[in-house]
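Working through the structure, step by step
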Amino acid sequence: MRVVIVEDQALLREGIVALLRENGVEVVGQAEDAPGLLRLINGHKPDLAIVDVRLPPTFTDEGIKAAIEARGDHPGLGILILSQYVEPVYTSELLANGSGGVGYLLKERVADIPAFLDAIGRVAEGGTALDREVVAELVQGKSGDSQLAELTPRESEVLSLMAEGRTNAGIAETLVVTPGAVEKHISSIFSKLDLPATGADHRRVLAVLTYLQATV
Amino acid sequence: MPARRHYDPDTIFATQAAVSAAMGFFVTLIWGLTGAGTFWPVWVWFGLAIPLAINFSWWYSRQFVGRRKWLALHMSLMATASGALILIWLLSGGGGFWPGIPIVCLLVLLACHLFLSENWERLLASGREKELTQRVDQLTRTRKGALEAQAAQLRQVERDLHDGAQSRLVALSMQLARAESKLDDQPEAKELVRQARAEAGEAIAELRDLARGIAPPVLADRGLAEAARSLGTRTPGGVTVESTLEGRPPPVVETGAYFVIAESLTNATKHAPNAPVTVTLGEGDGQLNIVVRDEGPGGADPRGSGLNGLKHRVEALDGRMGISSPPGGGTVIRVDLPCE
């Protein structure tokens with residue numbers, strides 16, 4: 001797996017690079033700003049770009065804009081946004097634009113090394129990795145929904161993990177249940193929420209997200 | 001208490017005019033019947049006209065209020081006096097125009113009255129009132145300055161928290177994670193490092209909540225409309241945001257407006273759960289206009305804690321707030337915040 005990193009704070013950038021290299025991930029390029037991201041992608045054709053939201057010169061949302069542009073120009077490129085905060089508007093924009101794997105994680109998640117490696121692996125392969133806080137906000141926004149209210153507590157847990165981008169096996173491991181039990185929960189969720197049942201993990205996640213993001 | 005008889009000024013004036021005209025006609029008739037010698041009735045007319053003119057002056061000035069009323073009375077009485085003097089001069093056979101001097105004096109008096117009347121406030125305000133007016137101006141200006149400085153400082157604090165302390169803590173927890181992964185052969189040390197990493201994680205989350213409480217990043221990054229949409233994604237009933245804003249209001253107004261919207265939506269969620277909400281943002285006459293409308297049951301209590309808190313927030317920015325919440329008719333909160 002070939003990865004590039006765009007992060008303006010050297011301390012963090014070097015920390016992530018060291019952490020990835022120690023765990024056998026090939027970091028092929030580093031940059032500090034949005035033009036740097038586009039240059040790295042054109043030059044190195046990576047599988048995944050890890051991008052900070054706030055980048056110079058204005059330190060607002062350059063990272064998101066650059067990531068959306070890169071996703072448009074390079075179908076199949078995985079984009080993992082690392083941010084200090086959760087912002088549903090940014091997540092929606094990212095998911096709505098382009099194809100390929102996509103992720104939005106809080107920066108401190110990097111410190112949970114196995115989970116972080118799992119997330120970048122998923123995104124590089126075209127899957128999804130959303131921070132549980134992003135999912136929590138989306139679920140909160142739909143908390144008044146009567147269909148969502150029909151889910152059992154266990155099903156709600158499974159739904160949240162699905163929205164984060166976990167596979168059935170990942171969900172089974174997290175909840176300490178058998179994959180068969182997870183599958184049963186998932187089919188029940190799909191029927192309660194009228195979601196199209198589909199095998200591919202990424203499409204499944206997108207269906208869940210579409211449901212969670214739909215307003216009214 | 002016996003009812004006092006109330007005379008209508010119009011009736012009094014009309015009666016006086018009618019009586020005067022009748023008397024004038026009557027003496028003229030007598031003059032005609034007695035051989036039409038020297039035309040003496042003119043003096044009777046003169047005598048009747050003076051009180052009539054005075055009464056007219058009073059009647060006429062009634063349509064004005066305050067100092068204008070006294071000015072009008074003065075003017076018409078002066079006209080009466082001047083007219084009388086000129087008449088006397090004419091009736092006494094003309095000659096040197098002696099009424100000129102008193103008329104000029106009367107005009108000077110009237111000019112003085114006019115000047116005083118028009119400049120009364122300014123002349124009065126020279127003392128304590130003027131001082132207070134200046135003080136209010138100064139306080140309004142400095143309060144605005146203080147609020148703006150505070151808003152700018154808070155945004156800087158928010159940025160510093162993200163880029164400074166929070167970043168360092170993230171870097172720290174990454175290093176702890178790397179250390180942890182190298183301590184597989186020392187389970188006790190590994191557990192201590194894991195706990196340290198968990199603590200760092202808590203600290204990061206607390207800092208993030210603190211920073212968000214000051215101003216959410218999306219507000220600084222994208223402005224009010226996007227920040228309102230972001231709030232909407234957290235509101236169960238669904239929120240539509242309509243904005244005609246072109247520029248961005250000053251940070252202090254923008255942040256204030258953001259929290260006004262946030263609190264209105266919290267109120268709406270509490271009292272009208274699942275009701276659709278519309279947030280309308282506009283600007284005009286140097287004001288930022290915010291309207292939050294929900295399709296809930298209405299009947300909101302303006303003295304309730306939620307709306308009261310909102311009112312204090314609006315007042316702190318010198319804004320105005322109006323609430324319409326008829327039972328069964330939804331709730332509309334309208335807030336205008338000055339931007340200049």
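Residues numbered from 1 in each chain as written. Chains lettered and ligands numbered in written order. Predicted model: local features only at pLDDT ≥ 70, side-chain atom pairs only at ≥ 80, totals over all residues.

Looking now at the overall build of chain B. The helix and strand inventory of chain B stands at 10 helices and 5 strands. A compact globule built from 340 residues should have a C-alpha radius of gyration of about 20 Å, whereas chain B, at 40 Å, is more than 25% larger. Expressed along its principal axes, the backbone C-alpha trace of chain B runs to roughly 145 × 50 × 45 Å. Taking all 340 residues of chain B together, 23% fall into the buried category. Put simply, 63% of the contacts in chain B that link residues at least 6 apart link residues at least 24 apart. (Helix = DSSP H or I, 4+ residues; strand = E, 2+ residues; numbered from the N terminus. Rg over C-alpha atoms; globule rule 2.2 N^0.38 Å. Buried ≥ 20, exposed ≤ 12 C-beta atoms within 10 Å, placed from the backbone. Contact = placed C-beta atoms within 7 Å.)

For the rest of this paragraph, the subject is the environment of B:Pro249. Residue and element names in this part refer to chain B. Residue placement: Pro 249 occurs in the loop between strand S1 (239-243) and helix H9 (251-271). For Pro 249, a count of 21 C-beta atoms within 10 Å corresponds to the buried category. In the structure, Pro 249 is positioned 25 residues away from Leu 224 in sequence and 8.8 Å away in space, judged by C-alpha atoms. With sequence-adjacent residues up to four places away left out, Pro 249 is seen in contact with Glu 254, Ala 257, Leu 288 and Cys 339.

With 35 residues of chain B at the contact, the number on the chain A side is 28 residues. Broken down by secondary-structure element, the contributors of at least two residues to the side of chain B that touches chain A are helix H5 (128-181), helix H6 (187-214), helix H7 (217-222) and helix H8 (224-233) of chain B. Residue contributions to the side of chain B that touches chain A peak at 12 residues, all from H5(B). Residue composition of the side of chain B that touches chain A, by class: 12 nonpolar, 14 polar and 9 charged. (Nonpolar A, V, L, I, M, F, W, Y, C, P; charged D, E, K, R; others polar.)

We now examine the nonpolar core. What tends to happen in soluble globular proteins is that the nonpolar side chains get buried as a cluster. Residues A:Leu37, A:Ala49, A:Leu80 and A:Ala163 are the most contacted members of the largest nonpolar core, which totals 71 residues. Among the elements that line this core, the one with the most residues is H5(B), at 7 residues. Not counting the four nearest positions on each side in its chain, A:Leu37 is found in contact with A:Val6, A:Ala31, A:Ala49, A:Val51, A:Ala66 and A:Ala70. (Core = buried A, V, L, I, M, F, W, Y, C linked by C-beta atoms within 7 Å.)

Residue and element names in this part refer to chain B. In spatial order, the strands read S1-S2-S3-S5-S4; together these 5 strands make up an open sheet with mixed pairing. Strand pairing shows two members of the sheet lacking a second neighbour, S1 and strand S4 (320-324), which therefore form its edges. This sheet shows a mean twist of 10° between the axes of neighbouring strands, independent of strand direction. H8 contacts S1 and strand S2 (277-284) of the sheet and is inclined by roughly 175° relative to S1. The sheet strands contacting helix H10 (residues 305-316) are S4 and strand S5 (331-338), and the helix crosses S4 at an angle near 155°. (Pairing = 2+ DSSP bridges. Axes fitted to C-alpha atoms, helices over the stretch in contact; angles between N-to-C directions.)

Once that is clear, we can look at the domain arrangement of chain A. Residues and elements named next belong to chain A. We note that the domain assignment places domain 1 (2-130) and domain 2 (135-213) within chain A. Across the contact, 10 residues belong to domain 1 and 11 residues belong to domain 2. Of all the elements in the fold, those that place two or more residues in the side of domain 1 that touches domain 2 are helix H4 (88-96) and strand S6 (128-130). Split by residue class, the side of domain 1 that touches domain 2 holds 5 nonpolar, 4 polar and 1 charged. (Domains from an automatic or database assignment.)

By the assigned domains, chain B splits into domain 1 (9-124), domain 2 (149-214) and domain 3 (218-338). Of note, the centres of domain 1 of chain B and domain 2 of chain B, computed from C-alpha atoms alone, are 92 Å apart.

Once that is clear, we can look at the pairing of strand S4 (residues 78-83) of chain A. The two faces of the sheet receive side chains in turn, since in a regular strand these alternate between them. Residue and element names in this part refer to chain A. The buried fraction of S4 is high, at 6 of 6 residues. Burial along S4 is two-sided: the residues Gly 78, Leu 80 and Leu 82 and Ile 79, Ile 81 and Ser 83 are all buried. Here 5 bridges tie strand S3 (residues 48-52) to S4, and the two strands are oriented parallel to one another. Bridge pairing links Leu 48 to Gly 78 in S4. Following the backbone out of S3, through helix H3 (residues 62-73) and into the adjacent parallel S4, one traces a crossover that is right-handed. (Right-handed = clockwise from strand over helix to strand, strands pointing away.)

A few words now on the environment of B:Thr233. When you line up the elements, B:Thr233 lands in helix H8. A residue is classified by how many C-beta atoms lie within 10 Å of it, and B:Thr233, with 21 of them, is buried. Dropping the residues within four chain positions of it, B:Thr233 is found in contact with A:Pro88, A:Glu137 and A:Gly141.

Residue and element names in this part refer to chain B. Relative to S5, strand S3 (residues 287-294) runs antiparallel, the two being bridged by 8 bridges. Within S5, the residue paired with Val 292 across the bridge is Ile 333. By the bridge criterion, 5 bridges tie S4 to S5 in an arrangement that is antiparallel. Note that in S5 the partner of Arg 320 across the bridge is Asp 336.

In this section: the sheet that holds S6(A). Residues and elements named next belong to chain A. Across the sheet, 6 strands lie side by side as S2-S1-S3-S4-S5-S6; this open sheet has parallel pairing. Of all the strands in the sheet, just strand S2 (26-31) and S6 have a single pairing partner and so form its edges. Mean inter-strand twist for the sheet, computed between neighbouring axes without regard to direction, equals 20°. As paired elements, strand S5 (residues 102-106) and S6 share 3 bridges and run parallel to each other. Of the residues in S6, the one forming a bridge with Tyr 104 is Leu 130. Packing against the sheet, H4 makes contact with S4, S5 and S6, and its axis sits at approximately 160° to S5.

With 25 residues, helix H3 (residues 67-91) of chain B extends 36 Å between its outermost C-alpha atoms, agreeing within 8% with the 36 Å of an ideal straight helix rising 1.5 Å per residue. Of the residues trailing H3(B), B:Gly93 is marked for its positive phi of about 95°. (Expected span 1.5 Å × (residues − 1).)

To continue, consider helix H5 (residues 113-124) of chain A. Helix length check: H5(A) (12 residues) gives 16 Å between terminal C-alpha atoms against 16 Å at 1.5 Å per residue, within 8%. For H5(A), the secondary structure elements touched by its buried residues are strand S1 (2-6), S3, S4, S5 and S6 of chain A.

Residue and element names in this part refer to chain B. Closest axis-to-axis distance for the helix H2 (residues 41-61)/H3 pair is 8 Å, and the angle between their directions is 165°. One element, H2, and the other, H3, form an angle in the roughly antiparallel class. The way H2 lies across H3 gives a crossing that is right-handed. Counted together, Val 42, Phe 46, Ile 50, Ala 53, Ile 54, Phe 56, Ser 57, Trp 58, Tyr 60 and Ser 61 of H2 and Lys 69, Ala 72, Leu 73, Ser 76, Leu 77, Thr 80, Ala 84, Leu 87 and Leu 91 of H3 form the full contact between these two elements. (Parallel < 35°, antiparallel > 145°, perpendicular 65-115°, else oblique. Left-handed = near helix turned anticlockwise from the far one by under 90°.)

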